[in-house]
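Observations on the model geometry
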Amino acid sequence: MPFLIILLSAGPYALISGTPHATDPRTLHHSFLLVAVGQLVGACGEEIGWRCFLQPLLRTRFGPLPVSVAVGTVWGLWHVQVLGRSPAYAAGFLLATVAMSVVLGLALDGTGGMARLLLAGAFHALVNLGMLLFMDEETGRTAPMVLFGVASALIAAAWVRRRTAVTIPATVEGDPGA
């Protein structure tokens, strides 16, 4: 899913801006390995709070979708510095955190322990790295963040639709159970 989210946001951004935005990892201020490890450690640190503590705590009282939306909202607001940017940028970011929280919340519902942490942390870190490398994220431009939010929402909508789809079995004429 992280790759699909980045593809669905980076592709349109390249079309809108007229150029693909791919940062050569060798041009980063630190080695890519250090950046990747830092992203994974940071993402896992956040996910301990979001997916391993808050999500299961709220899940004892509410269903997976409302809990995922609530956790995504808190996750987005945790990045308070985003609210200092343009309203469209902040909205795109909040849309992305809520949508990714829905994907993670539904995908990991019923999963616990270290698996939950590593899956959520890897997802989170891959999205962060994708934003860094393909979305011009460090510039603070609004368009990449809005596209990122929309791409995340599209993926979340597909997950919700898949999760809530009810398969109605075909009835056979003469079947006493029909």
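Residues numbered from 1 in each chain as written. Predicted model: local features only at pLDDT ≥ 70, side-chain atom pairs only at ≥ 80, totals over all residues. Heavy atoms only, no water.

Focus: the pattern of salt bridges
The following threshold applies: Salt bridges are counted wherever a side-chain nitrogen of Lys or Arg sits within 4 Å of a carboxyl oxygen of Asp or Glu. In this text, helices come from DSSP runs of H or I with a minimum length of four residues, and strands from runs of E with a minimum of two, each type numbered from the N-terminal end. Here the term buried applies to any residue with accessible area under 20% of the maximum for its type, exposed to any over 50%, and partly exposed to those in between, with areas from a 1.4 Å probe on protein chains only.
According to the stated counting rule, one finds three salt bridges in the structure shown. In this structure, Asp109 and Arg163 form a salt bridge, with 3.3 Å as the shortest nitrogen-oxygen distance. With Asp109 in the loop between helix H4 (87–107) and helix H5 (113–134) and Arg163 in helix H6 (residues 142–164), this pair connects stretches of sequence that are 54 residues apart. Residue classification places Asp109 among the partly exposed positions, given a relative accessible area of 26%.

Re the confidence of the model for the chain
Detailed reading of the predicted model is not advised wherever pLDDT is low. What counts, and what does not: Residue-level confidence of the predictor is what pLDDT reports, using numbers from 0 through 100.
Looking at the chain, pLDDT values average 87 and 90% of them are 70 or higher. Here helix H1 (residues 2–17) stands out as the element of the chain with the lowest mean pLDDT, 90, in contrast to helix H3 (residues 64–78), whose mean of 96 is the highest.

Some points on the packing of aromatic side chains
The geometry of two aromatic rings is summed up by the distance between their centres and the angle between their planes. As a reminder, the rule being used: Geometry of aromatic contacts follows a simple scheme: Phe, Tyr and Trp rings, the Trp one being its six-membered ring, pair when their centres are within 6.5 Å, and the pair is stacked under 30 degrees between planes, edge-to-face over 60, tilted otherwise. Placement of a charge over a ring requires the Lys NZ or Arg CZ to be within 6 Å of the ring centre, with the centre-to-atom vector within 35 degrees of the ring normal.
What the rule picks out here adds up to one aromatic pair. Between Trp50 and Trp78, the ring centres sit 5.6 Å apart and the planes meet at 80°, which makes this aromatic pair edge-to-face. In this pair, Trp50 is assigned in helix H2 (residues 32–59) and Trp78 in helix H3, connecting sequence segments 28 residues apart. Take Trp50: its relative accessible area is 8%, and that puts it in the buried class. The ring of Trp75 has Arg51 lying over it, and the distance from NZ or CZ to the ring centre is 4.9 Å. Here the basic side chain of Arg162 rests over the ring of Trp159, its NZ or CZ set 5.2 Å away from the ring centre.

Description of the nonpolar core
Selection rule: Think of a nonpolar core as a cluster: buried Ala, Val, Leu, Ile, Met, Phe, Trp, Tyr and Cys residues, connected wherever their side-chain atoms sit within 4.5 Å. Here, two residues are considered to be in contact whenever any of their heavy atoms come within 4.5 Å of each other.
Within the largest apolar cluster, 32 residues are counted, with the highest numbers of intra-cluster contacts made by Met100, Phe123, Met131 and Phe148. Listed by contribution, the elements that provide at least two residues to this core are H1, H2, H3, H4, H5 and H6. If you tally residues by element for this core, the top one is H4, at ten residues. Non-local contacts of Phe148, meaning those with residues more than four positions away in its chain, are made with Ile5, Ile6, Ser9, Ala96, Met100, Val127 and Met131. Grouped together as the second largest cluster of nonpolar side chains are six residues, Val35, Ala36, Leu129 and Leu133 included.

Notes on the packing of H3 against H4
Definition in use: For helices, the fitted axis covers only the stretch in contact; all axes are lines through C-alpha atoms, and the angles between them, taken along N-to-C directions, range from 0 to 180 degrees. For classification purposes, an angle smaller than 35 degrees is called roughly parallel, one larger than 145 roughly antiparallel, one from 65 to 115 roughly perpendicular, and anything else oblique. Helix crossings fall into two classes, left-handed where the near helix is turned counterclockwise from the far one by less than a right angle and right-handed where it is turned clockwise. Polar here means any residue outside two lists: the nonpolar Ala, Val, Leu, Ile, Met, Phe, Trp, Tyr, Cys and Pro, and the charged Asp, Glu, Lys and Arg; Gly therefore counts as polar.
Packing of H3 against H4 brings their axes to within 7 Å, and their N-to-C directions diverge by 140°. When the axis of H3 is compared with that of H4, the two are oblique. Seen from above, H3 lies across H4 with right-handed handedness. Across the interface between the two elements, Pro64, Leu65, Ser68, Val69, Val71, Gly72, Thr73, Trp75, Gly76 and Leu77 of H3 pack against Phe93, Leu94, Thr97, Val98, Met100, Ser101, Val102, Gly105 and Leu106 of H4. Across the contact of H3 with H4, the residue classes tally to twelve nonpolar, seven polar and no charged.

Thoughts on a nonpolar patch on the surface
Stated formally: Patches draw on residues past 30% relative accessible area with no salt bridge. Two like charges within 9 Å are joined, as are two nonpolar side chains (Val, Leu, Ile, Met, Phe, Trp, Tyr) within 5 Å. In these tables, accessible area is a Shrake-Rupley quantity obtained with a 1.4 Å probe, and a residue counts as shielded only by the protein chains included in the view.
On the surface, Met1, Leu4, Leu7 and Leu8 cluster together into a nonpolar patch covering about 340 Å² of accessible area. For Leu4, a relative accessible area of 34% translates into the label partly exposed.

A closer look at the side chain of Ser101
The topology assignment puts Ser101 in helix H4. You can call Ser101 buried: its relative accessible area is 0%. Dropping the residues within four chain positions of it, Ser101 is found in contact with Arg51, Gln55, Ser68, Val71, Gly72 and Trp75.

Section: the packing of H4 against H6
The interhelical angle for the contact between H4 and H6, taken along N-to-C directions, is 25°, at an axis separation of 7 Å. Our classification of the angle between H4 and H6 gives roughly parallel. The way H4 lies across H6 gives a crossing that is left-handed. Residues that form the contact of H4 with H6 fall into these classes: 20 nonpolar, four polar and one charged.

Digging into the side chain of Glu46
Heads up, the condition is: Positive charges come from Lys and Arg alone, negative charges from Asp and Glu alone, with His and the N- and C-terminal ends not counted. By the criterion applied in these results, polar contacts are pairs of N or O atoms within 3.5 Å in which, for protein atoms, one can donate a hydrogen and the other can accept it, and in which residues neighboring in sequence qualify only through two side-chain atoms.
With respect to the secondary-structure elements, Glu46 resides in helix H2. Despite being buried, Glu46 has no salt bridge partner; Arg51 is the closest side chain of opposite charge, sitting 7.0 Å away. In this structure the side chain of Glu46 is engaged in a polar contact, spanning 2.9 Å, whose partner is the side chain of Trp75. Of note is the side chain of Glu46, whose polar atom sits 3.3 Å from the side chain of His79. Ignoring anything within four residues of it in the chain, the contact list for Glu46 reads Trp75, Trp78, His79 and His124.

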